[in-house]
Amino acid sequence: MISPDSEKILTPQSDIFSIKLLQWFDMFGRKDLPWQKNPSAYSVWVSEIMLQQTQVNTVIPYYDRFMKTFPDLEALAQASENKVLHHWSGLGYYARASNLHKTAKIILSHYQGVFPETQEGLESLPGIGRSTAGAICAIAYKKSASILDGNVKRVLARHESIDGWTGHSKTLKLLWKAAENYTPTERIADYTQAIMDLGATLCTRSKPKCHKCPISDSCKSFIAGNPENYPKKKPTKKIPSKSVYFLIMINLDGKLLMQKRPINQLWGGLWTFPECDNIAEVSNSCDEFGQSAKTWSILPSSRHSFSHYHLDYSPVMIKSVAQNIELNRKDILWYDPNKPHEIGMPKPVTDLLVEIKKRY
DNA sequence: AATACGGGGAA
DNA sequence: TTCCCAGTATT
């Protein structure tokens, strides 16, 4: 017969959860990530935005470069949109960068350069939702606040055996409720880091290391022997394909014509080659830019995949006889591969520029 | 409530 | 291949 431990009996289960997690974090948690050094609202914000839908190892080099160039909120607010997007090129979800810049300007001009201190104040800013606001409150302000990102969703869905795809609002509500239930009032910054770390290192999507997990004894799915059944997969849906031609117009100076994309669309604010759907339109399309396409050659197509469709793009190399004419359009520039502008460009374009530089 | 939005990495 | 990820904004 084991004598009852009065302290444990009086400790609510929600507190046991965070205590175990914190003990584990002290032993095995990550404490040397670049954004963990001197956390300020600014650095937590930048890192959290970058980490949205993007994994740690991908973010690290971007974060280092970004903070070196924009060390504080004022530097970011005063930078050009092109430069901000330039430092985001390759990370994806470029609306994140546009919103980051927008929010920096709002805080500088309307908040005297000081971040809002409440969850609601933070959530009112472009690009900051419930989870990111919670992360800033918890990590930068040490206020008791909850987060719910991909890792936390997985940990909680398994621990509570919460069914359903996390994209369903019903499932999401249950997950938020669980997140709030376990959020402690003490050591909130470490706890927030701990539950994310657990999801990233032990409670992984496949082959979770439950034998090392500090909360496996209370984990419903572990007890049931089916942790990998949670969270439920997203309903599968076939994604369509789209084919386009990238018109790569090269003028007599060896510069390339590039066009800025509308800010609120795919690749918004980034610079790409003009596109056309049919090869028959190449000549007409070039005319629109004041270029007379004499000859062109079509390069083999490549595929770039988004979450919602595949893009098959065929580069069309066009030698233009036109000079470096003034186009008088704000959405057009001549790009010199040897003196590159600091502008944002999506992956297929940066890939093509590398190829072009090699071959021409 | 459903969809749009990038790119990388794991299996 | 297919799935998923340190989500938010828009429709």
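The model shown is predicted, which means the values in this text are computed figures rather than measured ones. (Residues numbered from 1 in each chain as written. Chains lettered and ligands numbered in written order. Predicted model: local features only at pLDDT ≥ 70, side-chain atom pairs only at ≥ 80, totals over all residues. Heavy atoms only, no water.)

**Regarding empty space enclosed by the protein**
Enumeration according to the criterion identifies two cavities of 30 Å³ or more in this entry. For the largest cavity, the calculated volume is near 100 Å³. Lining the largest cavity are 13 residues; nearest its centre among them are Arg 158, Cys 203, Cys 210, Cys 213 and Cys 219. Looking at the lining of the largest cavity, the element that brings in the most residues is helix H10 (residues 150-160), giving three residues. Broken down by class, the residue content of the lining of the largest cavity amounts to nine nonpolar, two polar and two charged. Ala 145, Ser 146, Ile 147, Val 152, Ala 179, Thr 183, Tyr 191, Thr 192 and Ile 195 are the residues that line the second largest cavity. Sorting elements by how many residues they give to the lining of the second largest cavity places helix H12 (residues 188-201) first, with three residues. (1 Å grid on protein atoms, 1.4 Å probe; cavity = no way out; pocket = protein on both sides within 12 Å on 5 of 7 lines; lining within 4 Å. Points joined across faces, edges and corners; volume = space filled by probe spheres on them. Helix = DSSP H or I, 4+ residues; strand = E, 2+ residues; numbered from the N terminus. Nonpolar A, V, L, I, M, F, W, Y, C, P; charged D, E, K, R; others polar.)

**Considering the domain arrangement of chain A**
When cut into domains, chain A gives domain 1 (12-229) and domain 2 (241-359). Taking the mean C-alpha position of each, domain 1 and domain 2 sit 37 Å from one another. With 11 residues of domain 1 at the interface, the matching set in domain 2 holds 14 residues. Where domain 1 abuts domain 2, roughly 890 Å² becomes buried across the two surfaces, and 50% of that area is made up of carbon and sulfur atoms. For domain 1, the biggest contributors to the area lost against domain 2 are Asn 82, His 86 and Tyr 94; these three give 49% of the whole. Run the count over domain 1 and domain 2 and you get two salt bridges. Between domain 1 and domain 2 we count four residue pairs in polar contact (both at pLDDT 80 or more) in total. The element contributing the most residues to the side of domain 1 that touches domain 2 is helix H6 (residues 81-86), with five residues. Its residues assigned to classes, the side of domain 1 that touches domain 2 shows three nonpolar, six polar and two charged. (Domains from an automatic or database assignment. Contact = heavy atoms within 4.5 Å. Buried area = accessible area lost by both parts, 1.4 Å probe. Salt bridge = Lys/Arg side-chain N within 4 Å of Asp/Glu carboxyl O. Polar contact = N/O pair within 3.5 Å; in protein donor to acceptor, adjacent residues only side chain to side chain.)

**Quick look at the pairing of strand S8 (residues 332-335)**
By the alternation rule, side chains of S8 split into Ile 332 and Trp 334 and Leu 333 and Tyr 335, which are all buried. Relative to S8, strand S2 (residues 256-260) runs antiparallel, the two sharing four bridges. Residue pairing across strands places Leu 256 opposite Tyr 335, the latter belonging to S8. (Buried < 20%, exposed > 50% of the residue type's maximum accessible area, 1.4 Å probe, protein only. Pairing = 2+ DSSP bridges.)

**Remarks on the protein's contact with DNA strand B**
In the vicinity of DNA strand B lie 19 residues, with Tyr 93, Tyr 94, Ser 169, Trp 267 and His 304 positioned nearest. Within the backbone of Gly 90, an N or O atom sits 3.3 Å from a sugar or linking oxygen of DNA strand B. Classifying every residue of the surface near DNA strand B gives six nonpolar, 11 polar and two charged. (Near = heavy atom within 4 Å.)

**Some words on the nonpolar core**
Ranked by size, the top nonpolar core spans 93 residues in total, and within it Tyr 42, Trp 45, Phe 66, Leu 156 and Phe 273 carry the most contacts. When residues are assigned to domains, this core turns out to be shared by domain 1 (12-229) and domain 2 (241-359), each giving three or more. Once residues lying within four places of it in the same chain are set aside, the contact partners of Leu 156 are Phe 17, Leu 148, Ser 161, Ile 162, Leu 175, Ala 178, Ala 179, Tyr 182 and Ile 195. If you look at the next biggest cluster of nonpolar residues, it comprises 12 residues, including Met 249, Leu 257, Cys 276 and Trp 334. (Core = buried A, V, L, I, M, F, W, Y, C linked by side-chain atoms within 4.5 Å.)

**Focus on the packing of aromatic side chains**
Under the criterion given, the structure shown has 10 aromatic pairs. Centroid distance Phe 66 to Trp 88: 6.0 Å. Interplanar angle 85 degrees. Geometry classified as edge-to-face. Taken together, the residues span a long stretch of sequence, with Phe 66 in helix H4 (residues 56-69) and Trp 88 in the loop between H6 and helix H7 (95-110) at a distance of 22 residues. Judged by centre distance (5.0 Å) and plane angle (55 degrees), the ring pair of Phe 306 and Tyr 309 falls under tilted. Aromatic rings pair up to connect Tyr 42, Trp 45 and Phe 115 into one cluster. Looking at Lys 31, its charged tip hangs above the ring of Phe 25, at a distance of 4.9 Å from the centre. Residue placement shows Arg 130 over the ring face of Trp 176; its charged tip is 3.7 Å from the ring centre. (Phe/Tyr/Trp six-rings, centres within 6.5 Å; stacked < 30°, edge-to-face > 60°. Lys NZ or Arg CZ within 6 Å of the ring centre and 35° of its normal.)

**Remarks on the packing of H10 against H12**
Two elements in contact, H10 and H12, have axes separated by 8 Å at closest approach and are oriented at 80 degrees. With respect to each other, H10 and H12 are oriented roughly perpendicular. Mapping the contact onto sequence places Asn 151, Val 152, Arg 154, Val 155 and Leu 156 in H10 and Ile 195, Met 196, Leu 198, Gly 199 and Ala 200 in H12. Considering only residue class, the contact of H10 with H12 consists of seven nonpolar, two polar and one charged. (Axes fitted to C-alpha atoms, helices over the stretch in contact; angles between N-to-C directions. Parallel < 35°, antiparallel > 145°, perpendicular 65-115°, else oblique.)

**Thoughts on the protein's contact with DNA strand C**
In the region of DNA strand C, 28 residues are neighbours, and Leu 51, Gln 53, Gly 127, Asn 151 and Thr 236 sit closest. Sugar and phosphate atoms constitute 68% of the interface atoms of DNA strand C, taking the interface as everything within 4 Å of the protein. A distance of 2.4 Å separates a phosphate oxygen of DNA strand C from a polar atom in the backbone of Gly 127. Within the backbone of Lys 234, one N or O atom sits 3.4 Å away from a phosphate oxygen of DNA strand C. Secondary structure elements with two or more residues in the surface near DNA strand C: helix H9 (130-140), H10 and H12.

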